[in-house]
Amino acid sequence: MAMTAVARETVFALRRQIAKIEGTLPERLAAPAAAPFDADVNTDLTIVRRGIAAALPDAFLPIGVERLDAALSGGLPKAALSEIHGTQTRDAGAVAGFALSLTSLILKQTPGLPVLWIGTSEIFREAGFPYARGLHASFGIEPEQLLFSEAPRLVDALWVAEEAARMTALAAVILEIRGNPQRLDLTATRRLHARAQAAGRPVFLLRQAAEPEPTAAPVRLIVTSAPAVPRDTIAGPLAGSIGRPAFTLTIGKSRTALPGQFTLEWNPDECAFDERAGDEGAGGGRNRPKNPVPVVSLSGGGKGPAPASGAVLAFPAVGSPISPAARDQPSRPQRTAHLGPRRAG
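Criteria and thresholds
- Residues numbered from 1 in each chain as written.
- Predicted model: local features only at pLDDT ≥ 70, side-chain atom pairs only at ≥ 80, totals over all residues.
- Heavy atoms only, no water.
- Helix = DSSP H or I, 4+ residues; strand = E, 2+ residues; numbered from the N terminus.
- Buried < 20%, exposed > 50% of the residue type's maximum accessible area, 1.4 Å probe, protein only.
- Contact = heavy atoms within 4.5 Å.
- Areas by Shrake-Rupley, 256 points an atom, 1.4 Å probe, with all protein chains shown as cover.
- Lys, Arg positive; Asp, Glu negative; His and termini not counted.
- Salt bridge = Lys/Arg side-chain N within 4 Å of Asp/Glu carboxyl O.
- Core = buried A, V, L, I, M, F, W, Y, C linked by side-chain atoms within 4.5 Å.
- Expected span 1.5 Å × (residues − 1).
- Arc of directions from axis to C-beta.
- Pairing = 2+ DSSP bridges.
- Axes fitted to C-alpha atoms, helices over the stretch in contact; angles between N-to-C directions.
- Phe/Tyr/Trp six-rings, centres within 6.5 Å; stacked < 30°, edge-to-face > 60°.
- Parallel < 35°, antiparallel > 145°, perpendicular 65-115°, else oblique.
- Left-handed = near helix turned anticlockwise from the far one by under 90°.
- Nonpolar A, V, L, I, M, F, W, Y, C, P; charged D, E, K, R; others polar.

Colleague: Just give me the short version of the overall build of the protein, but keep the residues and values in it.
Modeller: When you go through the protein residue by residue, the secondary structure sums to 9 helices and 15 strands. Burial analysis of the protein (345 residues in total) assigns 35% to the buried set. The contacts in the protein between residues at least 6 apart in sequence include a share of 67% that link residues at least 24 apart. Only carbon and sulfur atoms are counted for the fraction: they give 57% of the accessible area of the protein, which is about 20800 Å².

Colleague: Quick one: what's the story with the side chain of D91, residue by residue and with numbers?
Modeller: Secondary-structure assignment places D91 in the loop between β5 (81-86) and α3 (92-109). Buried D91, no salt bridge; nearest opposite-charge side chain is R90, N-O distance 4.7 Å. Setting aside residues up to four positions removed in sequence, D91 forms contacts with G86, Q208, V223, T224 and S225.

Colleague: Describe the nonpolar core, listing the residues and the values that go with them.
Modeller: Formed by 41 residues in total, the largest nonpolar core has its most connected members in L68, F98, W117, F204, L264 and F273. Here this core takes 10 residues from α3, the largest share from any one element. When sequence neighbours within four positions are dropped, the list of residues in contact with F273 reads I63, G64, V65, F98, S101, L105, F247, L264, E265 and W266. Residues L158, A165, L175 and V203 belong to the second largest nonpolar core, which totals 21 residues.

Colleague: Could you give an account of helix α7 (residues 186-199), with specific residues and numbers?
Modeller: Under the 1.5 Å per step criterion, the end-to-end length of α7 is 20 Å for 14 residues, consistent within 8% with the ideal 20 Å. Among all positions of α7, only A188, T189, L192, H193, A196 and A199 are buried. One side of α7 carries all its buried residues, which in axial view fall inside an arc of 135°. Of the exposed residues in α7, those oriented more than 90 degrees away from the buried face are R190 and A198. Each element contacted by the buried residues of α7 is listed here: β5, α6 (154-165), β8 (172-178) and β9 (203-208). Remark: G200 follows α7 within two positions and exhibits a positive phi of approximately 70°.

Colleague: Pulling in residues and values, what's your account of the sheet that holds strand β13 (residues 246-254)?
Modeller: By way of backbone hydrogen bonds, the strands of a sheet pair with one another, either parallel or antiparallel. Ordered in space as β7-β6-β8-β9-β5-β10-β13-β14-β15, the 9 strands form an open sheet in which the pairing is mixed. Of all strands in the sheet, those with a lone pairing partner are β7 (146-151) and β15 (272-275), marking the two edges. On average, each strand axis in the sheet is inclined to that of its neighbour by 25°, with strand direction left out of account. In terms of strand pairing, β8 meets β9 through 6 bridges, oriented parallel. The residue bridging E176 from the neighbouring strand is L206, located in β9.

Colleague: Before we move on, could you go through the packing of aromatic side chains and cite the residues and values that matter?
Modeller: Scanning the model with the defined rule gives 9 aromatic pairs in all. Both rings, one in F129 and one in F148, keep their centres 5.4 Å apart while their planes meet at 85°; by these two values the pair is edge-to-face. Within this pair, whereas F129 is found in the loop between α4 (121-127) and α5 (132-139), its partner F148 is found in strand β7, the two being separated by 19 residues in sequence. Taking relative accessible area as the criterion, F129 reaches 47% and is therefore assigned partly exposed. Overall, F148 belongs to the partly exposed group, its relative accessible area being 32%. Through pairs of rings, three or more aromatic residues link up here, namely F98, F139, F247, W266 and F273.

Colleague: How would you explain the pattern of salt bridges if you had to name every residue and give the values?
Modeller: Considering all chains together, one arrives at 10 salt bridges under this definition. Between E122 and R178 there is a salt bridge, with the nearest N and O atoms lying 3.9 Å from each other. With a gap of 56 residues between them, E122 in helix α4 and R178 in strand β8 connect regions that are remote in the sequence. Accessibility expressed as a relative area gives 29% for R178, which makes it partly exposed. It is possible to trace a salt-bridge network through shared partners that takes in E83, R207, E213 and R220.

Colleague: Residues and numbers for the packing of α6 against α7, please.
Modeller: Running from amino to carboxyl end, α6 crosses α7 at an angle of 20°, the nearest separation of the two axes being 8 Å. Here α6 is positioned roughly parallel relative to α7, judged by the angle of their axes. You can see that α6 and α7 cross each other, and the crossing is left-handed. Contacts from A161, E162, E163 and A165 of α6 reach α7 at R191, L192, R195, A196 and A199. The residue inventory of the contact of α6 with α7, partitioned by class, reads 5 nonpolar, no polar and 4 charged.

Colleague: Requested: an account of the environment of E211, with residues and values cited.
Modeller: For E211, the location among the structural elements is in the loop between β9 and β10 (219-226). A relative accessible area of 53% means that E211 is categorised as exposed. If near-sequence neighbours (up to four positions away) are discounted, E211 is found in contact with H85 and N180.

All we've got here are geometric facts, nothing functional implied.
What follows is the structure in structure tokens.
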């Protein structure tokens, strides 16, 4: 029986390699059932690992955007390691905001359980900690629901993450890492992924200013900030205002999805995602004027800038008539010392 399973896995590994060479998506290959299922169990299954495993639809965390959830075959896997990438340091705020949005969605399904956020001292000095009042106002997260663990070194942060990933007393684990450290290799991510599967809890690996590299995470999402659109009012968009926070989400890697890009807006009132549609979503705000509001307000006494002035002389030139304005100036003995002409030699 063991030899049959090994042989079957070898055959499907070769089929995936051939499909990659031919340009065919290996995710679309037909897969045999890993084991017979009970008749009473729901048979509406979704393949989450190519050819070797299956899961029920409840095993996914839906994002709440129909097109994105369909692309991800139901959402992000709950019992797995998922990568959230920021390609540059300036994307740290967008990556953290997206992670907090996912945390809000998770806490809706697992109320009463906290979320552990792990990071090194370097990453917290660079990106900072989430603001407690903003957690509740923007994401509906109570401050006591989000725990932080600041580790002095990367090896300590990885150890804390591995120990926390096996705990069912946590709703989720977030590990924030900067760059591409050597210790965060394929073996380390395999351990995190295996422990997340065993505990049935999601582990989110936030990568700040990192390049894509091989990991055990089934899904990699690349997050950047998107331009906000004006706020919607009863009278229409409010010119010059800043609307909801927006993210540009790119599917960088997925075992069940095609690559794609989406522009999402976070609704802090409903704690839910909305997809931006229309020209604003397709263009990402690039078609809007760069400065919709004047940087400097116009002067109150005129409609435009003052005309350019001519040359200003401290004393009239020799032989030139004295202007009326010059007659009003005090004579030289009446001038104060600091207003006298500067010595030139």
